[in-house]
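Reading the structure
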Amino acid sequence: MGAAAVGTSAPGTGGTDVPGAAAGAAVARIVDEAEIARLLTTYAWCVDDKRWDDWEACFTADAEIRMPFASYDGSAGLGAWGRAALAPFEKTHHMSGNAEITVEGDTAFGRTKFQAVHIPRADRPAVYFTESGTYLWRFRRTGEGWRIRRCEIEVAWTAGDDETGLAGGH
């Protein structure tokens with residue numbers, strides 16, 4: 001017995017197949033969610049690799065960034081802003097997970113849990129500052145793919161000495 005093709009129409013139905021349409025929509029949603037998850041991975045790697053132009057390209061032109069230490073609007077100059085904010089740290093390590101992403105057409109929103117380690121001197125890795133919390137995201141589909149429209153950080157806890165004020169006094 002052969003397997004039925006998903007998303008195909010039965011002969012004589014005029015090309016409509018609700019189960020196939022539902023399957024197609026589910027696949028499209030899964031693809032969108034995977035593309036957004038990849039964008040978030042790129043975001044973190046760009047920060048840790050200090051690829052600030054690539055990090056800036058993760059955002060829409062009208063992006064809003066709300067961090068505990070400062071806010072920034074628009075993507076123009078965002079890479080330089082990120083570079084300056086993390087300049088006190090020779091090494092960083094950003095991890096993000098537990099993603100909840102909801103796609104609504106060409107926009108999406110979500111949240112992820114994060115932990116970020118900040119090391120002022122690479123030759124002294126035991127001296128570091130860590131913060132953890134939640135990223136709140138808004139995304140928009142663009143001609144170049146999904147981009148971050150809004151990024152907000154809610155810090156839940158910190159550990160170590162934050163001499164820079166990066167966590168906003170937490």
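Reference entry: report on the structure contained in this document. In every chain, residue numbers begin from 1 and rise along the written sequence. Only residues with pLDDT of at least 70 are given local features in this predicted model, and only at 80 or more are side-chain atom pairs given and counted; all residues enter the totals for whole chains, interfaces and linings. No hydrogens and no water enter the side-chain calculation; it runs on all heavy atoms of the structure.

Some details on the packing of aromatic side chains
Defined as follows: Two aromatic rings, drawn from Phe, Tyr or Trp (for Trp, its six-membered ring), form a pair once their centres lie within 6.5 Å of each other, and the interplanar angle then sorts them: stacked below 30 degrees, edge-to-face above 60, tilted otherwise. Secondary structure is summarised from DSSP: a helix means a run of H or I of at least four residues, a strand means a run of E of at least two, and numbering begins at the N terminus for each. Residue burial is assigned from relative accessible area. The probe radius is 1.4 Å, only protein chains are included, and a residue is buried under 20% of its type maximum, exposed over 50%, and partly exposed in between.
With the rule as written, the count across this model stands at eleven aromatic pairs. Centroid distance Tyr43 to Tyr135: 5.7 Å. Interplanar angle 90°. Geometry classified as edge-to-face. Placement of the pair is Tyr43 in helix H1 (residues 18-49) and Tyr135 in strand S5 (residues 129-142), with a sequence separation of 92 residues. For Tyr135, a relative accessible area of 5% gives the class buried. Here Tyr43 and Trp137 contribute two aromatic rings whose centre-to-centre distance is 5.2 Å and whose plane-to-plane angle is 90°, an arrangement assigned as edge-to-face. Taken as a pair, Tyr43 in helix H1 and Trp137 in strand S5 lie far apart in primary sequence, 94 residues in all. A single burial state applies to Tyr43 and to Trp137, both of which are buried. Ring pairing ties together the aromatic residues Tyr43, Trp52, Trp55, Phe59, Phe114, Tyr135, Trp137 and Phe139, which thus form one cluster.

Concerning the layout of surface pockets
Empty pockets left among the atoms are what a rolling probe the size of a water molecule brings to light. Applied cut-off: The rule is simple: put a 1 Å grid over the protein atoms alone, call a set of points where a 1.4 Å probe fits but cannot get out a cavity, call an open set with protein on both sides within 12 Å along at least five of seven lines a pocket, and count a residue as lining if it has an atom within 4 Å of a point. Grid points are joined across faces, edges and corners, and a volume is the space filled by probe spheres set on the points. Three residue categories are used. Nonpolar comprises Ala, Val, Leu, Ile, Met, Phe, Trp, Tyr, Cys and Pro, charged comprises Asp, Glu, Lys and Arg, and polar comprises the others, including Gly.
There is about 240 Å³ of room inside the largest pocket. In terms of lining residues, the largest pocket is bounded by 15 residues, among which Thr41, Ala44, His94, Met95 and Ser96 are the most central. Among the secondary structure elements, those contributing two or more residues to the lining of the largest pocket are H1 and strand S3 (91-104). Of the residues assigned to the lining of the largest pocket, the class counts are six nonpolar, seven polar and two charged. As for the second largest pocket, its lining consists of Pro88, Phe89, Pro120, Val127, Tyr128, Phe129, Gly160, Asp161, Asp162, Glu163 and Thr164.

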